[in-house]
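# Observations on chain architecture
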Amino acid sequence: PAAPAPAPVTAATIVQPEHLVATLRLAAGTPAAEPAAAARREVRLDLPEPPPEVIRYVAVATGRGRRSAPSAVVEVPIGRRPTAPVGVRATFDDTNIIVEWAGATPAVPAHVDELVADGIAWTRTRRTPEALAASRFTTPLVFGEHRCFEVRHVLVAGRALVEGPASSPACVAPVDRFPPPVPGGLVAIAEDGAVVLTWRAVEAADLSGYLVLRGDGAGETLQPLTPLPIEVRTYRDETVRAGETYTYAIVAVDRSTPANRSAESNRQTVMARQARFR
């Protein structure tokens, strides 16, 4: 005779004392009813060895000697664990750290964790509350901070998420090598005994100021007139000699050490005028 079919696994068959794997206690004063977004509770469980193909979980709320009805059964298909991402690298631009990896075919969502050294071990912080569909993650940077990340592919199976093994860590220490924008709109006007310069402001969070450059005639090489950056957007050059021609340009500099300098603004060439005395 054929062997009897195994009994179906239900919440009632799982909710038995011998199947208890974790107890999650709420802090005193926690509301009994919370918005769905705030009511999520997480617990990490070690897998048995060897792990089965499928593990089933049920949650039950208890309190004051009473117990709720069990939740729906969630099946976690351990036998379908995804592989680790490959080609993970961390780069940066002027505002963000960029973590990228080789996209799987077909596409597999992924989580990104940040690693922080804690003595001789690492602690992990999840940076993606929701798994990413794209194989790219960005986060704001602080120049000079050394940061490391790892990526895990995620298999979505009904209401369960199955995480694969972590990728190799990808680390980066961003260095500010990004100059401010180029100043524009430089105008040079010859006045009696001086040349007055004005230009448009530059928008940069780490702007230190502007350097005024000058060269004799229409020469290629310009030298700083201001040894330190100035914060204003106008400059009066009273060191000119009447009848001589000068070429001017402006560069913006930031507060990095060493400072990053923008490219030169438009150049202006002007002939100085004789000072007139009344």
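Now for a look at the structure at hand. This structure is a prediction, so every number in the text was calculated from the model and none was measured. (Residues numbered from 1 in each chain as written. Predicted model: local features only at pLDDT ≥ 70, side-chain atom pairs only at ≥ 80, totals over all residues. Heavy atoms only, no water.)

### Some remarks on the overall build of the protein chain
The following threshold applies: Counting from the N terminus, the helices are DSSP H or I runs at least four residues long and the strands are E runs at least two residues long. Three exposure classes are used, based on accessible area relative to the maximum for each residue type with a 1.4 Å probe and protein chains only: buried under 20%, partly exposed in between, and exposed over 50%.
Of regular secondary structure, the protein chain possesses 1 helix and 19 strands. When each of the 278 residues of the protein chain is scored for burial, the buried share is 30%.

### Details of the layout of surface pockets
The test is simple: Two kinds of site are reported from a 1 Å grid over the protein atoms alone, namely cavities, where a 1.4 Å probe fits but cannot get out, and pockets, open sets with protein on both sides within 12 Å along at least five of seven lines, and residues are called lining when an atom falls within 4 Å of a point. Grid points are joined across faces, edges and corners, and a volume is the space filled by probe spheres set on the points. Under the scheme applied here, ten amino acids are nonpolar (Ala, Val, Leu, Ile, Met, Phe, Trp, Tyr, Cys and Pro), four are charged (Asp, Glu, Lys and Arg), and all others, including Gly, are polar.
Considering only enclosed or pocket space, the second largest pocket measures out at about 200 Å³ in volume. Looking at the second largest pocket, the residues that line it are Asp-94, Thr-95, Phe-143, Asp-176, Phe-178, Pro-179, Pro-180, Pro-181, Ala-204, Ala-205 and Asp-206. Considering only residue class, the lining of the second largest pocket consists of 7 nonpolar, 1 polar and 3 charged.

### A few points about the sheet that holds strand S9 (residues 136-140)
Two strands in a sheet stick together by hydrogen bonds in their backbones, pointing the same way (parallel) or opposite ways (antiparallel). Quick reminder of the rule: For two strands to pair, DSSP has to find at least two bridges joining them. Every axis in this analysis is a line fitted to C-alpha atoms, fitted for helices over the stretch in contact. Angles between the N-to-C directions lie between 0 and 180 degrees.
Strand order in the open sheet formed by 3 strands is S5-S6-S9, and the pairing between neighbours is antiparallel. Edge strands, defined here as strands with exactly one partner in the open sheet, are strand S5 (89-92) and S9. Each adjacent strand pair in this sheet contributes to an overall mean axis angle of 20°, direction not counted. Strand direction decides the pairing type here: S5 and strand S6 (residues 96-100), joined by 4 bridges, are antiparallel. Considered in S6, the bridge of Phe-92 is made with Ile-97.

### A short note on the nonpolar core
The following threshold applies: Buried Ala, Val, Leu, Ile, Met, Phe, Trp, Tyr and Cys residues form a nonpolar core when they are joined through side-chain atoms within 4.5 Å.
Judged by nonpolar contacts, the single largest core of 18 residues is most densely connected at Val-195, Leu-197, Trp-199, Tyr-210, Val-212 and Tyr-248. Every element with two or more residues in this core is listed here: strand S13 (187-191), strand S14 (194-198), strand S15 (207-216) and strand S18 (245-254). Of the residues forming this core, the biggest block, 4 residues, is contributed by S18. Trp-101, Leu-141, Phe-149 and Val-172 belong to the second-largest nonpolar core, a separate cluster that totals 14 residues.

### Some points on the sheet that holds S13
Strand order in the open sheet formed by 3 strands is S13-S14-S17, with antiparallel pairing between adjacent strands. Of all strands in the sheet, those with a lone pairing partner are S13 and strand S17 (234-237), marking the two edges. In this sheet, neighbouring strand axes are inclined to one another by 20° on average, regardless of whether the strands run parallel or antiparallel. Pairing of S13 with S14, which is carried by 5 bridges, proceeds in the antiparallel orientation. From the neighbouring strand, Ala-190 faces S14, where its bridge partner is Val-195.

### Overview of the pattern of salt bridges
Should their charged atoms come close, side chains of opposite charge can pair. Threshold: By definition, a salt bridge exists where a carboxyl oxygen of Asp or Glu is found within 4 Å of a side-chain nitrogen of Lys or Arg.
Applying the stated criterion across every chain yields a total of 14 salt bridges. With a shortest N-O distance of 2.4 Å, Glu-150 and Arg-124 are connected by a salt bridge. Within this pair, whereas Glu-150 is found in strand S10 (residues 147-157), its partner Arg-124 is found in strand S8 (residues 121-126), the two being separated by 26 residues in sequence. Arg-273 is the salt-bridge partner of Asp-192, the closest N and O atoms lying 2.9 Å from each other. Here Arg-273 lies in the segment after strand S19 (268-271) and Asp-192 lies in the loop between S13 and S14, a separation of 81 residues in the sequence.

### Section: the pairing of strand S11 (residues 160-163)
Side chains of S11 alternate between two faces, with Ala-160 and Val-162 buried and Leu-161 and Glu-163 left unburied. Bridge analysis of S10 against S11 gives 4 bridges, and the strand direction is antiparallel. Its bridge partner being in S11, Val-154 is matched across the sheet by Glu-163. In sequence, S10 turns back onto S11 through a hairpin of 2 residues, with Gly-158 there showing a positive phi of about 65°.

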